[in-house]
Amino acid sequence: MLTDHERRKQISVRGIAQVENVSNIKKAFNRHLHFSLIKDRNVATPRDYYFALANTVRDHLVSRWIRTQQYYYENDPKRVYYLSLEFYMGRTLSNTMMNLGVQATVDEALYQLGLDIEELQEIEEDAGLGNGGLGRLAACFLDSMATLGIAAYGYGLRYEYGIFKQLIKDGWQLEEPDDWLRFGNPWEKARPEYMLPVNFYGKVEQDKDGKSQWTNTHLVFAMPYDTPVPGYRNNVVNTLRLWSAKAENHFRLKFFNDGDYVQAVMDRNLTENITRVLYPNDNVFIGKELRLKQQYFLVAATLQDIIRRFKSSRYGCRDAIRVEFDSFPDKVAIQLNDTHPSIGIPELIRLLVDVEGLSFDKAWDICVRTFAYTNHTLLPEALERWPVSLIENLLPRHLEIIYEVNQKFMDTVAAKYPGDFDRMRRMSIVEEADDHGEKRINMAHLCIVGSHTINGVAALHSALLKSNTFKDFFELYPHKFQNKTNGITPRRWLLLSNPSLADVICEKIGDDWITDLSQLQKLKEFADNSGFLETIRRVKQENKLRVATYLSDEYNVEINPSSLFDIHVKRIHEYKRQLLNALHVITLYNRIKADPNLQMVPRTILFGGKAAPGYHMAKQIIKLITSVGQIVNNDPIVGDKLKVVYLENYRVSMAEKIIPAADLSEQISTAGTEASGTGNMKFMLNGGLTIGTLDGANVEMAEEMGNENIFIFGMTVEEVEALGNKGYNAETFINRIPTLKQIIEQLEGGFFTPDQPDLLKDVANSLRYHDRFMVCADFEDYIRCQDVVAKTYEDQQKWSRMALMNIASTGKFSTDRTISEYAREIWGVEPGEIKLAAPYENSETPESP
C-alpha cells in the first residue's frame with residue numbers, strides 16, 4: 001500500500017501543470033518561520049511549522065483574493081449574500097491546497113525539509129462554528145459559490161468558542177470549551193477599518209413630523225474578520241466575513257465621575273459576550289436574550305455592509321448625492337439560512353425608512369424582492385417564536401415595524417379570505433397570548449411574508465411544508481414556494497477525504513467529475529466489471545484499516561478490519577433515532593449470548609455525535625450506547641463478532657477519516673422529521689450503502705440509485721401520520737415483539753448498568769410511555785432489514801456492485817447543482833459567468849509566493 005506522500009507524488013496533482021515550484025515553497029516556508037513566527041529550526045515546534053505552512057499556502061491565495069474583489073468592484077455583478085448563524089468550516093489548510101492545486105508541490109517541499117505534512121495538517125484546529133448539518137451545508141455552499149464563479153459573500157459570527165469539545169467520561173458526555181482561537185487563526189484577516197455600530201435597547205420617540213426615532217440606545221461595535229474562500233482551480237476567491245463584538249472605546253461618564261475605572265473595563269466584557277460562544281442547537285427553540293442579540297448583531301452589521309457596498313457601486317450611483325435604491329434588489333440577493341437571521345427583514349426596512357428616507361411601502365417592496373428564505377426543520381418546537389416583551393425591550397423600533405408589517409399582511413389575508421378569522425389567527429406574524437399571557441412573534445411567518453421565495457431542502461420536505469407546516473401560506477402565495485434539494489461539495493467529501501477512491505475514479509473516467517458530479521454516471525458501465533469492483537473493494541479495505549489503526553490508538557479497542565463497518569454519526573437527537581440503532585446492537589448481543597456458536601457477519605458499530613448540554617434524553621442515549629459497548633466489547637463469548645465504539649468529539653475533521661471507511665450508513669429518522677440530511681450523501685459518495693427510512697433526501701437517493709441499491713425499512717410519512725391519528729401506543733408493539741420486550745426489561749432491570757440498576761430507566765420509560773418518534777413501531781422492520789444487510793454483505797461481489805451504483809448515482813447531490821438552482825431560480829444570477837486568469841498567466845515567470 002502506497003504512503004500518502006508516495007501516492008501524491010505519483011499522481012502529481014493528476015497531471016495538472018504545477019506552477020509553484022518546490023524551491024519557492026521551501027523559501028517561503030523558511031521566510032515565514034523566521035520573519036512571521038520569529039523562530040528557527042532549533043526552537044520551532046510542530047505548531048510553528050504548521051503556521052509557517054499555513055502562511056505559505058495563504059500567500060498563494062492573496063493575489064487571487066485581491067483580484068477577485070477588484071473584478072467585482074470594476075464589473076459590478078449582482079452580489080449574493082448568504083446569512084447564517086453557523087458556518088461549520090472544519091480545517092482549511094488541506095482544502096485550500098487542493099483547490100489551488102499545490103498540494104503535491106507543498107508535500108514534496110516539506111518532505112525535502114524533513115517534515116511530515118500529515119502531522120502538520122493534524123495540528124490545525126477545526127473551526128467549530130456550527131452544530132451540524134445546517135452549518136456544514138453553509139460551508140459547502142461557500143465552496144460551490146466560489147467554484148461556480150458567483151460573486152458571493154458569507155456573513156456570520158466569529159464565535160470565540162465554537163461548538164463545545166465533547167469528552168466521554170465513565171460513559172457520559174462532558175462538555176469543555178472549544179477554545180479554537182487560542183493559538184490564533186492564520187486564515188483570517190481583521191478589518192478594523194470596516195468596523196460598524198450596532199444598537200440595542202433604548203426607546204422609540206416621534207419627531208415633529210411624526211416619524212419614529214430610535215434613541216437612547218446601547219452601542220456595540222462589529223469588527224469584521226475576513227476569511228478567503230477559494231474556488232476549485234478557477235482563481236476565484238470569495239470572502240466569508242465573520243463579525244466580532246467590540247465595546248465602545250470610551251467609558252460612560254458615570255464610571256469616570258465615580259472613578260471606578262476597573263468596573264468600567266469589566267463592563268466591556270458584558271458587551272463583547274455577544275460573540276463569545278455558539279449556542280449548541282438541540283432543535284428546541286429557547287428564547288434567550290443573548291441568542292436574539294447574536295441574531296440582530298449579525299444582520300445589523302451585515303446590512304450596513306451590504307448597503308455600503310451597494311452605494312459604492314455604479315448602480316448605487318457612486319458619486320451621487322442621493323442614492324437610488326430602486327435597483328437594490330437587482331444588485332443584491334440575500335439568502336436567510338433558516339429563521340436565525342430573520343430579524344434582518346425589519347432591520348432592512350428600518351435602515352431604508354429611518355436612515356435612507358424611503359417610504360415604508362417602497363422599503364417593503366425592496367425588502368420582499370431582496371430576501372429569500374430557506375427552511376430547515378419540520379419539528380414545530382424548533383420554529384423560532386420570540387416573546388414580544390423581549391423584542392420590545394431589546395429592539396423596540398423593530399417591534400413597531402413588525403406590527404406595521406403584520407397589519408398590512410392581515411389586511412391582505414382579510415381581503416383574500418373575508419370573514420375567515422381562524423385563518424387570520426393561524427397566519428398572523430404576531431401570535432396570540434399563550435398560557436403565560438405572552439404574545440410571540442413567529443419568525444418563520446415573518447420570513448415567508450418578507451421574502452420573494454421560500455424553499456425546503458428536499459423534495460419530501462418541501463412538499464410537507466406546502467401541505468402541512470405552511471399550508472395556509474402556500475394557498476396564499478403558491479408562487480413563492482420552491483424546492484432546493486441539499487448537496488455536498490465533492491471536493492472536500494471525495495477528492496480530499498478519500499483520495500484513493502478519487503484516483504481510481506479519475507483513472508476510469510477522467511477528472512471532469514470534480515466540478516460536474518453527474519459525470520460519475522459513467523461509472524455504471526463498469527458495474528459488472530469484476531476487476532473494477534475488486535479495486536473499489538480494495539480501496540474500501542485500505543480505508544477501513546486506517547480507521548482500525550486509529551481506533552486502536554485512540555480508544556484501545558481492537559476491531560476486525562474485515563467486519564461490516566456500520567456507522568451512525570450525527571447530532572444526538574431522539575428524532576434521528578440513535579436509540580433504534582442501539583436496540584439493534586442489543587439484539588445482536590442477545591443472539592450471540594443465546595447461541596455462542598452463532599455464525600454471523602462480524603460488525604463494528606460506530607456511533608458519534610454531540611448532545612446539546614441541556615438535552616437530558618440525548619445524554620441518556622449516549623450513556624446507553626457506551627454502557628452497551630462496555631459489556632459487548634469485554635465479553636469473551638462475543639469476541640470480534642461485534643464491537644461498539646463511541647467516537648468522542650465527532651467533528652468535520654473526524655468525518656473526513658470515518659466516512660470513507662463506512663460500509664453501512666445509518667439514516668433512520670422517523671419519516672417526516674428529517675428535512676434533508678447531508679451525511680447520507682457523503683456516505684453515498686464514498687461507496688457506503690444506506691439503511692434508512694423514506695425520509696428527507698433518502699427518498700431522492702433511492703430514486704437516483706434504484707431501490708435495489710439501498711436498504712429501505714419502516715413506515716412512510718403517510719403511515720406515521722395514520723398511526724398517530726389512530727392513537728399510537730408503544731406497549732402494543734413491545735408486548736407483541738418478544739425481542740423488543742426482552743430489551744426493555746433489560747434496560748429496566750439494569751442489565752447494562754449493574755452497579756446502578758436504575759440508571760437507564762428513563763430510556764426504558766421513554767420507549768414505553770413517550771415514544772414520540774415511534775421507535776417501537778419501526779423496530780421489527782428495522783431488525784428484518786439489518787438481517788438483509790448482513791446477508792447481502794456475505795456476497796462481496798454484490799455488495800461492491802451496490803457500492804459502485806451508489807457512487808455513480810451521486811451526481812444530483814452536489815452543492816454545485818444545488819447552488820446553480822439557487823442562482824438561476826432564486827437569486828437571478830448565472831453561474832459560471834465569472835472566469836479569472838491566474839495571477840501569473842500574463843507574465844513570463846511564475847508568481848512568487
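Here is what the cut-offs are and how they apply
Residues numbered from 1 in each chain as written. Predicted model: local features only at pLDDT ≥ 70, side-chain atom pairs only at ≥ 80, totals over all residues. Heavy atoms only, no water. Helix = DSSP H or I, 4+ residues; strand = E, 2+ residues; numbered from the N terminus. Rg over C-alpha atoms; globule rule 2.2 N^0.38 Å. Buried < 20%, exposed > 50% of the residue type's maximum accessible area, 1.4 Å probe, protein only. Salt bridge = Lys/Arg side-chain N within 4 Å of Asp/Glu carboxyl O. UniProt positions renumbered as here; feature names shortened; annotations may be inferred. Core = buried A, V, L, I, M, F, W, Y, C linked by side-chain atoms within 4.5 Å. Domains from an automatic or database assignment. Contact = heavy atoms within 4.5 Å. Buried area = accessible area lost by both parts, 1.4 Å probe. Polar contact = N/O pair within 3.5 Å; in protein donor to acceptor, adjacent residues only side chain to side chain. Nonpolar A, V, L, I, M, F, W, Y, C, P; charged D, E, K, R; others polar. Patch = residues over 30% accessible without salt bridge, like charges linked within 9 Å, V, L, I, M, F, W, Y side chains within 5 Å. Areas by Shrake-Rupley, 256 points an atom, 1.4 Å probe, with all protein chains shown as cover. Pairing = 2+ DSSP bridges. Right-handed = clockwise from strand over helix to strand, strands pointing away. Axes fitted to C-alpha atoms, helices over the stretch in contact; angles between N-to-C directions. Phe/Tyr/Trp six-rings, centres within 6.5 Å; stacked < 30°, edge-to-face > 60°. Lys NZ or Arg CZ within 6 Å of the ring centre and 35° of its normal. Expected span 1.5 Å × (residues − 1). Bend = angle between axes of the 7 residues up to and from the residue.

(A) Geometry of the overall build of the protein. Scanning the protein for helices and strands turns up 34 helices and 25 strands. Relative to the 2.2 N^0.38 estimate, which gives 29 Å for 849 residues, the radius of gyration of the protein is 28 Å and therefore close to what a compact globule would have. Reported as C-alpha extents along the three principal axes, the dimensions of the protein are approximately 90 × 75 × 60 Å.

(B) Unusual backbone geometry, seen in detail. Although it is not a glycine, Arg-233 adopts a positive phi angle of roughly 50°. Structurally, the position occupied by Arg-233 is in the loop between strand E11 (218–230) and strand E12 (237–246). A positive phi angle, near 70°, is found at Asp-338, a position not held by glycine. You can see Asp-338 is positioned in the loop between strand E13 (332–337) and helix H12 (344–355). According to the relative accessible area criterion, Asp-338 is buried, its value standing at 8%.

(C) Fine view of the pattern of salt bridges. Evaluated as defined, the whole model comprises 55 salt bridges. The partner of Asp-361 in a salt bridge is Lys-408, with the nearest N and O atoms 3.4 Å apart. Of this pair, Asp-361 sits in helix H13 (residues 360–370) while Lys-408 sits in helix H15 (residues 396–416), and the two are 47 residues apart along the sequence. Residue classification places Asp-361 among the exposed positions, given a relative accessible area of 53%. The class of Lys-408 is partly exposed, set by a relative accessible area of 33%. Glu-475 is the salt-bridge partner of Lys-471, the closest N and O atoms lying 2.8 Å from each other. One end of the pair, Lys-471, and the other, Glu-475, are both in helix H19 (residues 471–476), 4 residues apart, so they sit about a helical turn from each other. Judged by relative accessible area, Lys-471 falls into the partly exposed class, the value being 40%.

(D) Region of interest: the UniProt feature "modified residue: N6-(pyridoxal phosphate)lysine" (unreviewed entry) in the protein. UniProt records the feature "modified residue: N6-(pyridoxal phosphate)lysine" (unreviewed entry) at Lys-682, using the numbering of this structure. For Lys-682, the position within the fold is in helix H26 (residues 679–685).

(E) Examining the nonpolar core more closely. Ranked by size, the top nonpolar core spans 248 residues in total, and within it Met-145, Phe-297, Trp-513, Leu-523, Leu-747 and Trp-827 carry the most contacts. No other element matches the 11 residues that helix H10 (residues 289–311) contributes to this core. If you count residues domain by domain, this core takes at least three from each of domain 1 (77–92 + 124–405 + 443–471) and domain 2 (490–715 + 781–806). Ala-54, Val-57, Leu-100 and Leu-115 belong to the second largest nonpolar core, which has 28 residues in total.

(F) Representation of the domain arrangement of the protein in the model. With domains assigned, the protein is organised as domain 1 (77–92 + 124–405 + 443–471) and domain 2 (490–715 + 781–806). A separation of 36 Å is found between the C-alpha centroids of domain 1 and domain 2. Taken residue by residue, the interface counts 40 residues in domain 1 and 41 residues in domain 2. Together domain 1 and domain 2 conceal approximately 3200 Å² of surface at their shared face, both sides included; 57% is due to carbon and sulfur atoms. Our count for the domain 1 to domain 2 interface comes out at 2 salt bridges. Notably, a salt bridge pairs Lys-619 with Glu-175, separated by 2.8 Å at the nearest N-O pair. At the boundary of domain 1 with domain 2, the tally comes to 16 residue pairs in polar contact (both at pLDDT 80 or more). If you list the elements that add at least two residues to the side of domain 1 that touches domain 2, you get strand E2 (87–90), helix H7 (133–147), strand E5 (165–169), strand E6 (172–176) and helix H18 (459–469). Ranked by residue count, the leading element in the side of domain 1 that touches domain 2 is H7, at 7 residues. The class makeup of the residues in the side of domain 1 that touches domain 2 is 18 nonpolar, 14 polar and 8 charged.

(G) Broad picture of a nonpolar patch on the surface. A surface patch of nonpolar side chains, amounting to about 400 Å² of accessible area, comprises Tyr-261, Val-262, Val-265 and Met-266. Residue position: Met-266 is located in helix H9 (residues 261–272). Judged by its relative accessible area of 47%, Met-266 falls in the partly exposed class.

(H) Layout of the pairing of strand E24 (residues 689–692). Here E24 shows a buried face lined by Leu-689 and Ile-691 and a second buried face lined by Thr-690 and Gly-692. Sheet analysis places strand E23 (residues 664–667) next to E24, joined by 4 bridges and oriented parallel. Looking across to E24, one finds that Leu-664 is bridged to Leu-689. Since E24 and strand E25 (residues 711–712) lie parallel, the crossover through helix H27 (residues 698–705) that links them has a hand, and here it is right-handed.

(I) Looking closely at the sheet that holds E25. On the basis of which strands lie adjacent, the open sheet formed by 6 strands has the order E22-E21-E20-E23-E24-E25 and parallel pairing. In the strand order of this sheet, the two ends are held by strand E22 (642–647) and E25, each with one partner. The pairing of strand E21 (residues 603–608) with E22 spans 6 bridges and is parallel. Bridging across to E22, Thr-604 finds its partner in Lys-643. The strands that helix H33 (residues 796–808) touches are strand E20 (564–569), E23, E24 and E25; relative to E24, the one it contacts most, it runs at about 85°.

(J) Representation of the side chain of Asp-816. One can find Asp-816 in helix H34 (residues 815–827). Under the relative-accessibility criterion, Asp-816 is labelled buried at 7%. Polar side-chain contacts of Asp-816 include one of 2.6 Å to the side chain of Ser-144. At 2.7 Å, the side chain of Asp-816 forms a polar contact with the side chain of Arg-491.

(K) The packing of aromatic side chains, seen in detail. A full pass over the atoms with the stated rule returns 29 aromatic pairs. For the pair Phe-409 and Phe-473, a centre-to-centre distance of 5.9 Å together with 5° between the ring planes defines the contact as stacked. Of the two residues, Phe-409 is situated in helix H15 and Phe-473 in helix H19; the sequence distance between them amounts to 64 residues. Across this residue pair, the class does not change: Phe-409 and Phe-473 are buried. A network of ring pairs unites the aromatic residues Tyr-71, Tyr-72, Tyr-81, Tyr-153, Tyr-155 and Trp-243 as a single cluster. One Lys or Arg, Lys-480, reaches over the ring of Tyr-477 and ends 4.1 Å from the middle of that ring.

(L) Structural detail: helix H32 (residues 775–794). An ideal rise of 1.5 Å per residue puts 28 Å on 20 residues; H32 measures up with 28 Å between its terminal C-alpha atoms. The largest bend along H32 reaches roughly 30° and is located at Asp-781.

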